[in-house]
Amino acid sequence: MKHTILFLCLIFITLLSGCRDKIPELHPTADNPVTISLWYDASVTEAGSPPADWIAYKIIREKFGINLELTMLPLNASDRNVKVNAAAEGGTLPDMAVVNREPLMNLVKKGLVMAVDDLYSLMPNRTEKMYNETSRRFATFNGKCYGFSTPGGKIQKNEGVLIRKDWLDKLGLSVPKTMDEYLDVMRAFTHNDPDGNGKDDTYGYGAFLEINGYEEGLGRRLDPIFGAFGVAGTWNMSESDAGLNVRKPAYFDALNTVATMQKEGLIDPNWLGYKKDDFRAAWKQGRFGIMREQNSAYASESNYAPFDRKFPDGSWIVADPPVGPDGKSAVGVYTIPYTTLVISKRAEKEGKAPLIAALLEWMVSDEGYYLFGWGEEGVNFVFNENHIPVAEGIPDPAKSFAKSAQQPLTQLRNMVFYHSDAELVSRYPTYTTEVSRKTMSALTVLREMQQKAWVNATGSDTLPSANTELKTFYEQGVLDFVTGKNALTKESWSQWLSEFDRLGGAKWEQEGISKARQSNYLY
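Residues numbered from 1 in each chain as written. Predicted model: local features only at pLDDT ≥ 70, side-chain atom pairs only at ≥ 80, totals over all residues. Heavy atoms only, no water.

1. A short note on the nonpolar core
Consideration 1: The biggest cluster of nonpolar side chains holds 129 residues, and the ones touching the most others in it are Leu222 and Trp493.
Consideration 2: Here this core gets eight residues from one element, more than from any other, and that element is helix 15 (residues 353-363).
Consideration 3: If near-sequence neighbours (up to four positions away) are discounted, Leu222 is found in contact with Tyr205, Ala207, Val258, Met261, Ile267 and Trp271.
Consideration 4: Ranked by size, the runner-up nonpolar core spans 26 residues in total, among them Phe288, Tyr304, Phe307 and Val318. (Core = buried A, V, L, I, M, F, W, Y, C linked by side-chain atoms within 4.5 Å. Buried < 20%, exposed > 50% of the residue type's maximum accessible area, 1.4 Å probe, protein only. Helix = DSSP H or I, 4+ residues; strand = E, 2+ residues; numbered from the N terminus. Contact = heavy atoms within 4.5 Å.)

2. Here we look at the sheet that holds strand 7 (residues 159-164)
Consideration 1: Spatial ordering of the open sheet is given by 8-11-7-12, a layout of four strands whose pairing is mixed. Across the chains shown, the open sheet's two edge strands, defined by having one partner strand only, are strand 8 (203-205) and strand 12 (316-319). Averaged over neighbouring strand pairs, the angle between their axes works out to 30 degrees when direction is ignored.
Consideration 2: Here strand 8 runs beside strand 11 (residues 288-294); their pairing, made up of two bridges, is parallel. Counted as the bridge partner of Tyr205 is Ile290 from strand 11.
Consideration 3: Strands in contact with helix 8 (residues 179-191) are strand 7, strand 8, strand 11 and strand 12; relative to strand 8, the strand with the most contacts, it is inclined by about 150 degrees. (Pairing = 2+ DSSP bridges. Axes fitted to C-alpha atoms, helices over the stretch in contact; angles between N-to-C directions.)

3. Quick notes on helix 13 (residues 301-310)
Consideration 1: For helix 13, the set of buried residues is Tyr304, Phe307 and Asp308. What you see down the axis of helix 13 is that its buried residues fit within an arc of 105 degrees, all on one side.
Consideration 2: Tucked inside the fold, the buried residues of helix 13 contact strand 7, helix 11 (276-284), helix 12 (295-299), strand 12, strand 17 (431-432) and strand 18 (439-440). (Arc of directions from axis to C-beta.)

4. A closer look at the sheet that holds strand 6 (residues 148-150)
Consideration 1: Read across the open sheet, the five strands follow the order 2-1-3-14-6; overall the sheet is mixed. Each of the sheet's edge strands pairs with one partner strand only, and the pair in question is strand 2 (66-72) and strand 6. Pairwise comparison of adjacent strand axes, ignoring direction, gives a mean angle of 20 degrees for this sheet.
Consideration 2: As defined by bridge partners, strand 3 (residues 96-99) adjoins strand 14 (residues 339-343) across four bridges and the pair is classed as antiparallel. By the bridge assignment, Met96 is partnered in strand 14 with Ile343.

Geometry only, nothing functional implied.
See below:
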């Protein structure tokens, strides 16, 4: 009898547990809606939230039986983190929230957000357009994905290696592929009068020092050279070889290549003194024939016009970055400033997850995408002949999506935008150049640049910085080797690295690897 009672108690406990954990299946209607709260990342924080009569509220209620409750997050990242972390501590998280990296890890650690792996299949259209392996990995911890990560408004991989095609043709040269071929083309551009003016006034490569925390050393303008040796950027973010690139053996070979360019006079000698504007004025004056440049800075109408006027027969092409001796190649590194949309555990237990997935999927349908991105068709925008939203032709021009008064209507566009042509055509329109009558498009150039080889260094911009003394030693040291102030030999390089480590280089590297590993940035 005693064993029978114990057995029945165990069954009762099991059934009770099952009832407690069972997730309800919701069937809301427009007349009996379910409230879903969202803390969102506004596109223009100073413009205010959507008004109470926003048409999207009505559509969402009628389609899904959802009463969408919106709260705008602070613009400042620190303030945003404080708000989210305070809600986590106080048990007041909304159903959905857009969070930065630090609170994401905190929420996962505390078990306050749901794993969303199973929801991707419920959003096939959204998943195809907005998420990929890298974005899913960003929010993955211990094998489970805890949110939907997107890069926000920053356009990735929007620079490329550009080569003067008219100079190649004049000298009978093919587009270079390997690092050695690139050096040969640089020599020809420097010594063989590619512009035909009879003067010794051209150079193979143009650059300037553009350095930041994740593109140290000689900076991003020379990263295509370092990319050929697998050491572009400050950090290697791979799990198998994580660390500072300057401490990798291949860095010596990359630095030696740039030193060769400097010694032979293949790089515009003014590169050490150029600022960004000087550099851009120089290529428009025909000073050099190879460079790394940004899509709009090269191809947008106002930027290309001076070159077009001076060289109506001139032309540039977007080329593959040079391939090094081990087959490596990269324009450089890129970082993605992901934010992550999380769903609270409470929302999951209340059965809201499938509804949320349906809402998110609809938001990137044609109806939702244009509604959240531009407003109401026929009121805030109309489609032109290429199905691009424009304001020209709407009944009341004051209601144009481009007017500041209408910005509250598109505050959630960060949740639907994925850098489609519809989003970018207005920023990068196709045009005909004034003098040469060429058809140009910075968007076409962007798409070409994005197809080239790049190194994903997401998270490297959040790693510890070198102290002032070490940073100065690092930047000045590599520059002294390139300019010949210090002879670059295996021995001198080894000695320099020893001093680099003595000043804190090895310690800096270990701190960076530790932070990257803790933050789940290594891949």
